[in-house]
Amino acid sequence: MDWNPNQVLLDLHFIQIRYYSLMFVIAFSLGFYITKKIFLAENKPLEKLDTLVIYVAIATLLGARLGHVFFYDWAYFKHHLLEIILPFRFSPKFELTGFAGLASHGAAVGIIIAMILYIHRYPEFKLSWILDRIVIPITIGGMFVRFGNFMNSEIVGKVVDKSFPFAVKFLQSGDFSPYQAMELTGQNTPQKAFEVIAHNPQFVEIYNQIPYRHPVQLYEAICYFFLFWLLYYLYWKTNKKNQPYFIFGVFLIALWTIRFLVEYVKDSQGGIENTLGIFSTGQWLSIPFILAGVFLLFFKRNKDIH
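As the structure is a prediction and not an experimental result, all values here were calculated from the model.

Conventions used here
- Residues numbered from 1 in each chain as written.
- Predicted model: local features only at pLDDT ≥ 70, side-chain atom pairs only at ≥ 80, totals over all residues.
- Heavy atoms only, no water.
- Helix = DSSP H or I, 4+ residues; strand = E, 2+ residues; numbered from the N terminus.
- Buried < 20%, exposed > 50% of the residue type's maximum accessible area, 1.4 Å probe, protein only.
- Contact = heavy atoms within 4.5 Å.
- Areas by Shrake-Rupley, 256 points an atom, 1.4 Å probe, with all protein chains shown as cover.
- Polar contact = N/O pair within 3.5 Å; in protein donor to acceptor, adjacent residues only side chain to side chain.
- Expected span 1.5 Å × (residues − 1).
- Phe/Tyr/Trp six-rings, centres within 6.5 Å; stacked < 30°, edge-to-face > 60°.
- Lys NZ or Arg CZ within 6 Å of the ring centre and 35° of its normal.
- Axes fitted to C-alpha atoms, helices over the stretch in contact; angles between N-to-C directions.
- Parallel < 35°, antiparallel > 145°, perpendicular 65-115°, else oblique.
- Left-handed = near helix turned anticlockwise from the far one by under 90°.
- Nonpolar A, V, L, I, M, F, W, Y, C, P; charged D, E, K, R; others polar.
- Core = buried A, V, L, I, M, F, W, Y, C linked by side-chain atoms within 4.5 Å.
- pLDDT = per-residue confidence, 0-100.
- Salt bridge = Lys/Arg side-chain N within 4 Å of Asp/Glu carboxyl O.

1. Section: the overall build of the chain
Alright, step 1. Of regular secondary structure, the chain possesses 13 helices and eight strands.
Alright, step 2. Looking at the 306 residues of the chain, the share that counts as buried comes to 45%.
Alright, step 3. Of all intrachain contacts in the chain linking residues separated by at least 6 positions in sequence, the fraction that spans at least 24 positions is 69%.
Alright, step 4. When the accessible surface of the chain is summed, it comes to about 16,100 Å², and 65% of that surface belongs to carbon and sulfur atoms.

2. Notes on the side chain of His-214
Alright, step 1. Secondary-structure assignment places His-214 in the loop between β8 (212-213) and α10 (216-237).
Alright, step 2. Polar contacts involving the side chain of His-214 include one to the side chain of Tyr-219, which spans 2.9 Å.
Alright, step 3. In this structure, His-214 is in contact with Val-156, Gly-157, Lys-158, Val-160, Phe-164, Phe-170, Tyr-219 and Val-265, ignoring residues within four places of it in sequence.

3. Side note on helix α5 (residues 104-121)
Alright, step 1. The end-to-end C-alpha distance of α5, which contains 18 residues, comes to 25 Å, matching closely the 26 Å that a straight helix rising 1.5 Å per residue would cover.
Alright, step 2. Buried residues in α5 make contact with α1 (19-41), α2 (47-72), α6 (127-151), α11 (246-262) and α13 (281-298).

4. Remarks on the packing of aromatic side chains
Alright, step 1. Enumeration according to the criterion identifies 25 aromatic pairs in this entry.
Alright, step 2. Ring geometry for Phe-260 against Phe-279: centres 5.3 Å apart, planes inclined by 70°, an arrangement best described as edge-to-face. Residue Phe-260 is located in helix α11, and its partner Phe-279 is located in the loop between α12 (273-276) and α13; the two are separated by 19 residues in the primary sequence.
Alright, step 3. For Phe-260, a relative accessible area of 15% corresponds to the buried category.
Alright, step 4. Three or more aromatic residues joined by ring pairs make a cluster, and in this case those are Phe-225, Phe-226, Phe-228, Trp-229, Tyr-232, Tyr-235 and Trp-236.
Alright, step 5. Seen from the ring of Trp-236, Lys-37 lies directly overhead, with NZ or CZ sitting 5.2 Å from the centre.

5. What about unusual backbone geometry?
Alright, step 1. Residues other than glycine seldom take positive phi values, yet Ser-153 does so here, at roughly 55°.
Alright, step 2. Looking at the element boundaries, Ser-153 is found in the loop between α6 and β6 (159-160).
Alright, step 3. Given a relative accessible area of 2%, Ser-153 falls into the buried group.
Alright, step 4. The backbone of Tyr-245 sits at a positive phi, close to 70°, despite the residue not being glycine.
Alright, step 5. Inspection of the secondary structure puts Tyr-245 in the loop between α10 and α11.
Alright, step 6. Of the residues examined, Tyr-245 reaches a relative accessible area of 2% and is grouped as buried.

6. Digging into the packing of α5 against α6
Alright, step 1. The contact between α5 and α6 brings their axes to 11 Å, and the two run at 150°. Of the possible angle classes, the one that applies to α5 and α6 is roughly antiparallel. As for how α5 packs across α6, the hand of that crossing is right-handed. For the pair formed by α5 and α6, the contact residues are Ser-104, Ile-111, Met-115, Ile-116, Tyr-118 and Ile-119 on the first element and Leu-127, Ile-130, Leu-131, Ile-138 and Arg-146 on the second.
Alright, step 2. Residues of the contact of α5 with α6, tallied by class, amount to nine nonpolar, one polar and one charged.

7. Remarks on the nonpolar core
Across soluble globular proteins, nonpolar side chains show a tendency to be buried alongside one another.
Alright, step 1. In this structure, Met-115 and Leu-231 are the most contacted members of the largest nonpolar core, which totals 52 residues.
Alright, step 2. If you list the elements that add at least two residues to this core, you get α1, α2, α5, α6, α10, α11 and α13.
Alright, step 3. Of all the elements, α11 adds the most residues to this core, at eleven residues.
Alright, step 4. With near-sequence residues (within four places) excluded, Leu-231 lies in contact with Val-135, Ile-136, Thr-139, Ile-247, Val-250 and Phe-251.
Alright, step 5. With 16 residues, the next largest nonpolar core counts Ala-193, Ala-198, Phe-203 and Ile-206 among its residues.

8. Brief notes about the confidence of the model for the chain
Alright, step 1. When pLDDT is averaged along the chain, the result is 85, and 90% of the positions lie at 70 or above.
Alright, step 2. Looking at the elements of the chain, mean pLDDT is at its lowest for strand β5 (residues 95-96), recorded as 56, and at its highest for α10, recorded as 96.

9. Focus on the side chain of Gln-217
Alright, step 1. Mapped onto the fold, Gln-217 is located in helix α10.
Alright, step 2. A distance of 2.9 Å separates a polar atom in the side chain of Gln-217 from the backbone oxygen of Glu-154.
Alright, step 3. The residues contacting Gln-217, other than those within four sequence positions of it, are Arg-146, Asn-149, Phe-150, Ser-153, Glu-154, Ile-155, Val-156 and Phe-170.

10. Let's talk about the pattern of salt bridges
Alright, step 1. One pass over the full model with this rule turns up seven salt bridges.
Alright, step 2. Among the ionic pairs, Glu-220 bridges to Lys-266, the shortest N-O distance being 2.9 Å. Within this pair, whereas Glu-220 is found in helix α10, its partner Lys-266 is found in the loop between α11 and α12, the two being separated by 46 residues in sequence. Residue Glu-220 shares its accessibility class with Lys-266, and that shared class is buried.
Alright, step 3. The residue Lys-266 makes a salt bridge to Glu-263 at a minimum N-O spacing of 3.3 Å. The exposure classification of Lys-266 matches that of Glu-263, with both residues buried.

Given below as structure tokens:
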């Protein structure tokens, strides 16, 4: 399958609405709805839900950004510190880039820190209570974020043969940059340029140089969907929500095991793997979360951590 979507859902000239941004909006909106349902079921004050959502939103974006900077691309950002917090690239020429680079491991660390700060502000909540519940909407949110990655043709998988049943040719994945594609075809937008490469026989040699890959974004999204329903079932249909850190422990083990396994068919994202070897950066960063989940699930039963 050839994959060359228009990443812009709606262009109003003065502002563009992209699929990736829409997926984030859906993730946070659905997360708010699920968490509100939990707050109502347990008679928690809704005014404190608004604060919780703000904490999670800021922690997700800030943690994900810093996670990418420090875990994956510090060699670049240590020389371009302003680009960490500004959506611009200053060299070799000034351009608007957006915040290209978000790491889920950083988001996870950010959210945990934010929840610790949240319970210090509202000590009537226990950390276990918050974490056991917040991971339910986070999991389904992760599914939508991966859909956004798929629409952006980013975080792609390793090369596979075109005969592989799920093989996808991500035309915009980086084998040819948008600027290269526009220069080669004479088109004024990346999408049009790649459309020409895909369908004009004049550019068949370029088309053939773009390999088929695993659609790992969809692999992760599907796994997160099933994990969401498992956590949802544990909360609503069992009494496991009364066992501190049980749901959170299941989340840590299952989600980061999914991430660990998917990394075997994911194209390298760089980072610390070049130094440590053996595993990819994503796998190295997943291991501590899995071990933490094992500890909470099997060695910290019926206790709470503050």
